[in-house]
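Structural overview for review
Each chain, letter by letter, is given below.
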Amino acid sequence: MDDKPPFEFLSRKPYMSPFWAAHLNPIPSHIFSLGHFPTPIHHWNLPNLPKGTEVYIKRDDLSGMQLSGNKVRKLEFLLAEAVAQGADCIITIGGIQSNHCRATAVAAKYLNLDCYLILFTSEKLVDKDPGLTGNLLVERLVGAHVDLISKEEYASIGGVALTNILKEKLLSEGRKPYVIPAGGSNSLGTWGYVEAVREIQQQLGKGSGGITFDDIVVACGSGGTIAGLALGTWLSGSATKVHAYCVSDDPDYFYDHVEGLTKGLQAVVSSRDIVNIQNAKGLGYAINTAEELTFMKEIAKATGVVLDSVYSGKAAYGMMRDMAENPRKWEGRKVLFVHTGGLLGLYEKTEQIVPLVGNWRRMDIWRPSLTK
């Protein structure tokens, strides 16, 4: 009897690693099909590029899962392990507008699992209803349990300790929780973007006109995405350089974190040899300058691509600033920018964005009969 499900989406299926990653350990045995892959790649007509530079964009913002972006690739592996371990609920942690937490809440509910979110916010808001703006609207609609903490508590106690506190509480109540770290960024989640490298290579092999990319550029918020992209690119023997623009912490922290993630897969390589990390956090995580938001508005107006304000907006801003300041470094290169999603987080920035978009008016209803 054929036990193959009639539809692939939301099905659990065996995982076969790329041949060039077959020596990594551990290799996941299964994944859940949660995203819409492959995500498209297309030319990105950015203004004011260095001479001969071409930029393409990989639209991981179109991965499905209620606009979840890059997070769904990690969750395909993480939730397969959760289900295999018999979990009945998921715990994860992030900022008040965390894309990862929203994606996890949706994916958990798809698989009939409860979801518990620990969200950090400002001290003055931690005892108030967090509202329904952006990601919170989706999380609360799908029934996620939201525990609020202050940013200060998150910094002093730490994400691991906080999720363990909630895990112990749920265990005492007879539940079977599975903990996913912030951003889904552990060694298992790293497989999501090792697999994405194979996807990109397959896309380049199908009617791309012989395009190869000299550079891949992506935002870095928790480290798992850049770890997978960098490791996969290196293992596959590609000469492509991976550039990450970090939007929290600093490059030294992420070099250490990426190295820890790759060592967790028994990959013997220095993170500094496989990825270049630059600082793009500006005023701080999820805080934007007027210049950054103006840049995002101008890119949307020029190209139709809407960037988010926390991740890809800052990464693109950093990339374009580097191209303007160091044009010879980028001249004649073909660059792939990975859009990691996050559109819903923009709703938290509407007050800052309103002054930048004045293209509206009361319609002037002109009729010839009224002028006689």
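Scoring rules and cut-offs
Residues numbered from 1 in each chain as written. Predicted model: local features only at pLDDT ≥ 70, side-chain atom pairs only at ≥ 80, totals over all residues. Heavy atoms only, no water. Salt bridge = Lys/Arg side-chain N within 4 Å of Asp/Glu carboxyl O. Helix = DSSP H or I, 4+ residues; strand = E, 2+ residues; numbered from the N terminus. Buried < 20%, exposed > 50% of the residue type's maximum accessible area, 1.4 Å probe, protein only. Pairing = 2+ DSSP bridges. Axes fitted to C-alpha atoms, helices over the stretch in contact; angles between N-to-C directions. Patch = residues over 30% accessible without salt bridge, like charges linked within 9 Å, V, L, I, M, F, W, Y side chains within 5 Å. Areas by Shrake-Rupley, 256 points an atom, 1.4 Å probe, with all protein chains shown as cover. Lys, Arg positive; Asp, Glu negative; His and termini not counted. Charge placed at Lys NZ, Arg CZ, Asp CG, Glu CD. Parallel < 35°, antiparallel > 145°, perpendicular 65-115°, else oblique. Contact = heavy atoms within 4.5 Å. Nonpolar A, V, L, I, M, F, W, Y, C, P; charged D, E, K, R; others polar. Right-handed = clockwise from strand over helix to strand, strands pointing away. Phe/Tyr/Trp six-rings, centres within 6.5 Å; stacked < 30°, edge-to-face > 60°. Lys NZ or Arg CZ within 6 Å of the ring centre and 35° of its normal. Expected span 1.5 Å × (residues − 1). Arc of directions from axis to C-beta.

This next bit is on the pattern of salt bridges. Applying the stated rule across the entire model yields 15 salt bridges. We note a salt bridge from Glu 199 to Lys 58, for which the minimum N-O separation is 2.7 Å. Highlighted residues: Glu 199 in helix H6 (residues 187-204) and Lys 58 in strand E4 (residues 54-59), separated in sequence by 141 residues. Here the two residues Glu 199 and Lys 58 agree in accessibility, since each one is buried.

For the rest of this paragraph, the subject is the sheet that holds strand E8 (residues 177-179). Spatially, the four strands line up as an open sheet ordered E7-E6-E5-E8, and their pairing is parallel. Every interior strand has two partners, whereas the edge strands, strand E7 (145-150) and E8, have only one. Each strand axis lies, on average, 25 degrees off the axis of its neighbour in the sheet, ignoring direction. Alignment of strand E5 (residues 89-95) against strand E6 (residues 114-121), held across seven bridges, turns out to be parallel. Opposite Cys 89, over in E6, you have Asp 114 as the bridge partner.

So, about a negative patch on the surface. Together, Glu 123, Asp 127, Glu 152 and Glu 153 make up a negatively charged patch on the protein surface. Looking at the secondary structure, you find Glu 123 in the loop between E6 and helix H3 (135-141). On the basis of relative accessibility, which here comes to 48%, the residue Glu 123 falls in the partly exposed class.

A grouping of Leu 132, Leu 137 and Leu 141 is seen on the molecular surface, where their side chains present a nonpolar patch of about 310 Å² in accessible area. Relative to the elements of secondary structure, Leu 132 occurs in the loop between E6 and H3.

In the segment running from Asn 25 into Pro 26, the intervening peptide bond is cis, with an omega of 0 degrees. The residue Pro 26 is located in the loop between strand E1 (12-14) and strand E2 (30-32) in this model. In this model, Phe 37 is joined to Pro 38 through a cis peptide bond whose omega is 5 degrees. If you check the backbone angles, Asp 249 has positive phi at about 55 degrees while not being a glycine. Within the secondary structure layout, Asp 249 lies in the loop between strand E10 (241-246) and helix H8 (251-263).

We now examine the packing of helix H10 (residues 290-303) against helix H11 (residues 312-325). For any two helices packed against each other, the geometry comes down to the angle between their axes and how far apart the axes lie. Two numbers describe how H10 lies on H11: the axes approach to 10 Å, and their chain directions differ by 90 degrees. As the angle between them shows, H10 and H11 are arranged roughly perpendicular. Every residue of H11 that contacts H10 at Glu 291, Glu 292, Phe 295 and Met 296 is listed here: Gly 313, Lys 314, Ala 316, Tyr 317 and Met 320. Grouping the constituent residues of the contact of H10 with H11 by class yields five nonpolar, one polar and three charged.

Inspection of the sheet shows E6 paired to E7 by six bridges, in the parallel sense. Of the residues in E7, the one forming a bridge with Leu 119 is Leu 148. Running through H3, the crossover from E6 to the neighbouring parallel element E7 is right-handed.

On to the sheet that holds E4. Sheet architecture is open: six strands sit in the order E3-E4-E12-E9-E10-E11, paired in mixed fashion. Each of the sheet's edge strands pairs with one partner strand only, and the pair in question is strand E3 (41-43) and strand E11 (276-279). Sheet twist, expressed as the mean angle between neighbouring strand axes with direction ignored, is 25 degrees. With four bridges connecting them, strand E9 (residues 215-220) and strand E12 (residues 334-339) associate as parallel partners. Directly across from Val 217, in E12, lies its bridge partner Phe 337. Against the sheet, helix H7 (residues 224-235) touches E9, E10, E11 and E12, its axis set at about 160 degrees to E9. In the packing of H8 onto the sheet, the strands contacted are E9, E10 and E11, and the crossing angle to E11 comes to about 145 degrees.

Attention shifts here to the packing of aromatic side chains. Counting across every chain of the model gives nine aromatic pairs. One cation-aromatic arrangement involves Lys 71 over Tyr 311; the distance from NZ or CZ to the ring centre is 5.1 Å. A cation over an aromatic ring shows up here: Arg 73 above the ring of Tyr 193, its NZ or CZ 5.4 Å from the ring centre.

The next thing to look at is H8. Across its 13 residues, H8 extends 18 Å between first and last C-alpha, which sits within 8% of the 18 Å expected from 1.5 Å per residue. Of all the residues in H8, the buried ones are Pro 251, Phe 254, Tyr 255, Val 258, Leu 261 and Thr 262. Taken around the axis of H8, the buried residues stretch over an arc of 130 degrees, which confines them to a single face. Exposed residues lying more than 90 degrees from the buried face of H8 are Asp 256 and Lys 263. In this structure, the buried side of H8 is in contact with H6, E9, H7, E10, helix H9 (271-274) and E11.

That is the geometry; function is a separate question.
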